[in-house]
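These are the residues of each chain, in order.
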Amino acid sequence: MNQLESALLDELTNGGDPELLLRSRTRIDAGRWWRRNSVWICVTKSELILFAVARRRYVERLPLADCHKSHYVAATGELVIDSSDALRIKHVKLTPREALNVLDFLTKK
């Protein structure tokens, strides 16, 4: 994690430690000239946060309660975040083990 990403994570979590933090294989344009940035997945006690940062910031936050229907599609290698909100990124590329870790937090009742 670079310095910009660390600073944004601290801001998003108010300096607290996240329950889970993963770098996905999904990439997004965050203002770099020749490369895209990785989308990070952060799970706190009450929220799922997707973020990336370079010149621009990409941040989406969802309450964990809104993500309980999320699932993993093994054929594509993507975690599908099923929520009622219109997310910019609903499919996040993760390994099966990483996706199971995220789903453990998202599907808790």
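Quantities reported herein were computed from a predicted structural model and do not represent experimental measurements.

Caption draft 1: Inspection of the sheet that holds strand β1 (residues 20–28) at higher detail. The four strands are arranged β1-β2-β3-β4 in an open sheet whose pairing can be described as antiparallel. Both outer strands of the open sheet, β1 and β4 (57–63), are each paired with one neighbouring strand and no more. Direction aside, the axes of adjacent strands within the sheet are offset by 20 degrees on average. Relative to strand β3 (residues 47–53), strand β2 (residues 37–43) runs antiparallel, the two sharing four bridges. By the bridge assignment, Val43 is partnered in β3 with Leu48. The strands touched by helix α1 (residues 3–13) are β1, β2, β3 and β4; relative to β3, the strand with the most contacts, the crossing angle is about 150 degrees. The sheet strands contacting helix α2 (residues 96–106) are β1, β2 and β3, and the helix crosses β1 at an angle near 120 degrees.

Caption draft 2: A look at α1. Taken as a whole, α1 has its buried residues at Glu5, Leu8, Leu9, Leu12 and Thr13. Viewed along the axis of α1, the buried residues span an arc of 120 degrees, placing them on a single side of the element. For α1, the N-terminal capping position is held by Asn2, with its side-chain oxygen 3.1 Å away from the main-chain nitrogen of Leu4. Count one or two residues on from α1 and you reach Asn14, which has phi positive near 55 degrees.

Criteria and thresholds
- Residues numbered from 1 in each chain as written.
- Predicted model: local features only at pLDDT ≥ 70, side-chain atom pairs only at ≥ 80, totals over all residues.
- Heavy atoms only, no water.
- Pairing = 2+ DSSP bridges.
- Helix = DSSP H or I, 4+ residues; strand = E, 2+ residues; numbered from the N terminus.
- Axes fitted to C-alpha atoms, helices over the stretch in contact; angles between N-to-C directions.
- Contact = heavy atoms within 4.5 Å.
- Buried < 20%, exposed > 50% of the residue type's maximum accessible area, 1.4 Å probe, protein only.
- Arc of directions from axis to C-beta.
- Polar contact = N/O pair within 3.5 Å; in protein donor to acceptor, adjacent residues only side chain to side chain.

Taken by themselves, the reported measurements are silent on function.
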